[in-house]
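# What the coordinates show
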Amino acid sequence: MLTFIYLVAIAAEAMSGALAAGRRNMDVFGVAVIAFVTALGGGTVRDVILGNFPIGWTQHPGYIALVISAGLLTVLVAPHMHRLKRLFLALDAMGLVAFSLIGCDIALRMNYALPVVIMAGMITGIFGGVLRDVLCNQMPVVFQRELYASVSLVVCCLFLGLRALDVNHELTTVLSFVVGIAMRMLALRFGWKLPTFSYQQRWE
Amino acid sequence: MLTFIYLVAIAAEAMSGALAAGRRNMDVFGVAVIAFVTALGGGTVRDVILGNFPIGWTQHPGYIALVISAGLLTVLVAPHMHRLKRLFLALDAMGLVAFSLIGCDIALRMNYALPVVIMAGMITGIFGGVLRDVLCNQMPVVFQRELYASVSLVVCCLFLGLRALDVNHELTTVLSFVVGIAMRMLALRFGWKLPTFSYQQRWE
Amino acid sequence: MLTFIYLVAIAAEAMSGALAAGRRNMDVFGVAVIAFVTALGGGTVRDVILGNFPIGWTQHPGYIALVISAGLLTVLVAPHMHRLKRLFLALDAMGLVAFSLIGCDIALRMNYALPVVIMAGMITGIFGGVLRDVLCNQMPVVFQRELYASVSLVVCCLFLGLRALDVNHELTTVLSFVVGIAMRMLALRFGWKLPTFSYQQRWE
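Residues numbered from 1 in each chain as written. Chains lettered and ligands numbered in written order. Predicted model: local features only at pLDDT ≥ 70, side-chain atom pairs only at ≥ 80, totals over all residues. Heavy atoms only, no water.

## Describing the overall build of chain A
Condition: The numbering of helices and of strands both runs from the N terminus, where a helix is a DSSP run of H or I of at least 4 residues and a strand a run of E of at least 2. Every radius of gyration here is taken over C-alpha atoms, with the globule rule written as 2.2 Å times N^0.38, N being the number of residues. The protein chains shown are the only cover counted for residues, whose accessible areas, like all others here, come from Shrake-Rupley with a 1.4 Å probe. Counting rule applied: Lys, Arg positive; Asp, Glu negative; His and chain ends not counted. To locate a charge, take NZ of a lysine, CZ of an arginine, CG of an aspartate or CD of a glutamate.
Counting its regular elements, chain A contains seven helices and zero strands. Shown N-terminal to C-terminal, the secondary structure of chain A runs as helices and strands in the order α-α-α-α-α-α-α. Taken over the C-alpha trace, chain A has a radius of gyration of 17 Å; the compact-globule value for 204 residues is 17 Å, and the two agree within 12%. Over its C-alpha atoms, taken along the principal directions, chain A stretches across nearly 50 × 50 × 35 Å. When the accessible surface of chain A is summed, it comes to about 8300 Å², and 66% of that surface belongs to carbon and sulfur atoms. With 14 positive and 10 negative side-chain charges, chain A shows a spacing of 10 Å between the two charge centroids.

## Points about the interface of chain B and chain C
Often, the extent of an interface is quoted as the loss of accessible area upon association of its parts. Heads up, the rule is: For this analysis, residues touch if any pair of their heavy atoms sits within 4.5 Å. Buried area: the accessible area, evaluated with a 1.4 Å probe, that two parts lose upon being put together, summed over both parts. For this analysis, a salt bridge means a side-chain nitrogen from Lys or Arg found within 4 Å of a carboxyl oxygen belonging to Asp or Glu. Under this definition, polar contacts are N or O atom pairs within 3.5 Å; protein pairs additionally need one hydrogen-donor-capable and one acceptor-capable atom, and for neighbouring residues in sequence, both atoms have to be side-chain atoms. The nonpolar class holds Ala, Val, Leu, Ile, Met, Phe, Trp, Tyr, Cys and Pro. Asp, Glu, Lys and Arg form the charged class, and all remaining residues, Gly among them, are polar.
Chain B puts 40 residues into the contact, and the matching count from chain C is 34 residues. Here chain B packs against chain C, burying approximately 3300 Å² in sum over the two surfaces, 69% of which is carbon and sulfur. For chain B, the biggest contributors to the area lost against chain C are Arg23, Asp27 and Phe29 of chain B; these three give 22% of the whole. Here chain B is connected to chain C by zero salt bridges. Here chain B is connected to chain C by nine residue pairs in polar contact (both at pLDDT 80 or more). Elements supplying a minimum of two residues to the side of chain B that touches chain C: α1 (2-23), α2 (28-50), α3 (61-77), α4 (85-109) and α5 (114-135) of chain B. Of the residues forming the side of chain B that touches chain C, the biggest block, nine residues, is contributed by α2 of chain B. Tallied by class, residues from the side of chain B that touches chain C come to 26 nonpolar, nine polar and five charged.

## Some remarks on the environment of Val8 of chain A
Residue and element names in this part refer to chain A. Here Val8 is to be found in helix α1 (residues 2-23). Separated by 37 residues in sequence, Val8 and Val45 have C-alpha atoms that sit 20 Å apart. Contact partners of Val8, with chain neighbours within four places excluded, come to Leu91 and Met94.

## Brief notes about the side chain of Asp92 of chain A
Residue and element names in this part refer to chain A. Condition: To sort residues, take the accessible area from a 1.4 Å probe on protein chains only and compare it with the maximum for the residue type: under 20% means buried, over 50% means exposed, and anything in between is partly exposed.
Within the secondary structure, Asp92 sits in helix α4 (residues 85-109). There is no salt bridge for the buried Asp92, and the closest opposite charge comes from Arg184, which lies 4.4 Å off by N-O distance. Setting aside residues no more than four positions away along its own chain, Asp92 makes contact with Ala12, Glu13, Tyr148 and Arg184.

## Some thoughts on α1 of chain B
Residue and element names in this part refer to chain B. For the record, the criterion: Any helix carries an expected span of 1.5 Å times its number of residues minus one.
The terminal C-alpha atoms of α1, which comprises 22 residues, lie 31 Å apart, in line with the 32 Å expected from a rise of 1.5 Å per residue. Burial analysis of α1 places 17 of its 22 residues in the buried class, the great majority of the element. A positive backbone phi angle near 55° is found at Asn25, which sits one or two residues after α1.

## Side note on the interface of chain A and chain B
Facing 40 residues of chain A, the contacting portion of chain B comprises 34 residues. Buried surface at the junction of chain A and chain B, both sides included, amounts to about 3300 Å², of which 69% is carbon and sulfur. The three residues of chain A that bury the most area against chain B are Arg23, Asp27 and Phe29 of chain A, which together make up 22% of that side's buried surface. Put simply, chain A and chain B have zero salt bridges between them.

## Some words on the UniProt feature "transmembrane region" (unreviewed entry) in chain A
Residues and elements named next belong to chain A. Short version of the rule: UniProt positions are given in the numbering used here, feature names are shortened, and annotations may be inferred rather than shown by experiment.
Under the UniProt annotation, the feature "transmembrane region" (unreviewed entry) is placed at residues 62-80, 87-108, 114-135, 147-165 and 171-192. The annotated region residues 87-108 carries 100% helix and 0% strand content, and the separation between its end C-alpha atoms amounts to 32 Å. With 100% helix and 0% strand, the stretch residues 114-135 has end C-alpha atoms that lie 31 Å from each other.

## As for unusual backbone geometry
Residue and element names in this part refer to chain A. A cis amide bond links Phe53 to the next residue, Pro54, at an omega of -5°. Positionally, Pro54 belongs in the loop between α2 (28-50) and α3 (61-77). Of note in the backbone geometry, Asn137 takes a positive phi value of approximately 55° without being a glycine. With respect to the element layout, Asn137 can be found in the loop between α5 (114-135) and α6 (149-164).

## Quick word on the relation of the copies chain A and chain B
Convention followed: Least-squares fitting of one copy onto the other uses the C-alpha atoms of those residues that reach a pLDDT of at least 70 in both copies.
Rotating chain A by 120° and moving it 0.0 Å along the rotation axis overlays it on chain B with an RMSD of 0.0 Å. As the rotation angle and translation indicate, the two copies are arranged about a three-fold axis. Considering only C-alpha atoms, the residue of chain A closest to the rotation axis is Asn137 of chain A, which sits at 3.8 Å. Comparing interface residues between copies, only 12% of those in chain A also lie at the interface in chain B; the contact surfaces differ.

## Section: the packing of aromatic side chains
Residues and elements named next belong to chain B. Definition in use: Here is the rule: rings of Phe, Tyr and Trp (six-membered ring for Trp) pair when centre to centre is within 6.5 Å. Planes less than 30 degrees apart are stacked, more than 60 are edge-to-face, and the remainder are tilted.
Counted by the stated rule, this structure contains 18 aromatic pairs over all chains. With centroids separated by 5.5 Å and ring planes inclined at 55°, the aromatic side chains of Tyr6 and Tyr63 adopt a geometry described as tilted. One end of the pair, Tyr6, is in helix α1; the other, Tyr63, is in helix α3, and 57 residues separate them in sequence. Overall, Tyr6 belongs to the buried group, its relative accessible area being 17%. Relative to Trp192, the ring of Phe190 has its centre 6.2 Å away and its plane inclined at 25°; by these criteria the two rings are stacked. Classification of Trp192 as partly exposed rests on a relative accessible area of 38%.

## Re the packing of helix α2 (residues 28-50) of chain C against helix α5 (residues 114-135) of chain C
Helix-helix packing is characterised by the crossing angle of the two axes and by the distance between the axes. Residues and elements named next belong to chain C. Using the following cut-off: Working convention: axes come from line fits to C-alpha atoms, limited for helices to the stretch in contact. Angles between N-to-C directions cover 0 to 180 degrees. Crossings are classed by handedness, with left-handed meaning an anticlockwise turn of the near helix from the far one by less than a right angle and right-handed meaning a clockwise turn.
Remark: α2 packs on α5, axes separated minimally by 7 Å, with the N-to-C direction vectors making an angle of 145°. Where α2 crosses over α5, the two elements pack in a sense that is right-handed. Across from Ile34, Val37, Thr38, Gly41, Gly42, Gly43, Val45, Arg46, Ile49 and Leu50 in α2, the residues of α5 making contact are Val116, Ala120, Ile123, Thr124, Phe127, Gly128, Gly129, Leu131, Arg132 and Leu135.

Here's what the structure looks like:
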């Protein structure tokens, strides 16, 4: 079940990457690369930082095919995607939660300290999008707009909290998804944002 | 022989990096860093992703001296480089093929699955240029202009195809270079590009 | 003693990251991420490139708390920071030297060749700032302004030179700090820069 959600999630992230590439007028090769990086880049950075070799996707070549196909398919269906906006944002939120949980889980198994476990969950959740934006030469949107990275943080803490209370794994997972997706969708609907830090003095 | 081609290739990539740094008015230190990253960054990313430690260039300190020298030399010869345009683009194409073959070879020896082998070849071939562009704060050109990443893909597939057919290694290597360099030079001469994906709707 | 300097240094780097995030109007989450990456990103890249797992900060969760706190604290004290400009720049210079020495030391212990040791020192010293600038979508300032990367290079060479001459470790460390901080502060005061390479021809 979580595997199925994961596959849907990486496909949704790949589509988000493809749209970003389209906004930059990339060629179809660029679309494939950005789709790949958006979907699997967060997990790659996490595995490298945790020293978790071999890296996840290298052991599942099917994932490569899935994300590249999803990216290229996006080129075809793009003119109709705004009609699926809600579904797409919901899948993206689902991906954020799934990635965060998987990141925590892997770091836990490697016996890292809890702050590192939370960082691993958040890196998995948000770094695909950060790399997508860096490669598209724009500032990472996750640091500016509606709650996104915060959702990942809340999900990671909730997951670890329920785990510490010995709540069973299925319930923990379900609760994490419900809270995470609800938080993200509410943030989008009501424009919830974190306070912004503006500093314009130039003295350096 | 392949070692000699590799040395020429990393020097050519270093020069391409130095020119990009010059377009951004970097100081000579920046030139050296961008030259290094352009020439050896693709192989570094490949080795990290494959978990292939120690990373290649750390075992060949001479490579560090070569690429930094090539980068700094470029500062001196830059006013005359446009006269060598054809030679330079040919060396760059040669580098693209050499890097792709080396990337495939290393992943094959580590027994990765074929899709990962192809990715390793392409990462080696194009990621130096991607990192160069990211550090110069511009969108990676390999995703927008004449066939480049596609050349790497074709070379990797040709290499693996001939290998599967038990063609001997020398012939495979020569054919890969001939096809790859020809494809790249023809793309440059005739402006061959992949179709572009433009998506300007803003609904997120 | 060096540990204390290191803690001050990562806090100073985190503050520099937070100010850069503020110049880009990031939210407080972005501030925390940029602070973290600026302070600990250079060491992370060094550890990954050297294959030095587990990565330093994953074994010291306290560092995570320190740099994130320093980053968020910066949001509060930012209106007053220009009054502390000199102190802040001195701490930043101290951090540059401390990071460079630590990077050299780690690579030496792993028995890498001397050019790799110097690269490790410089990566530790400057890559946090490079990653900060990449994530803030601007060209890395270390490649354009007053001597900064050069200070790291001089410090690394001085450290290795004194070590080769069997000068004792304490004296070597003190001398490296004195020379490095003096060089950086003089460069800032007198506007010392490396020559710049400008190349505007477009023939590619």
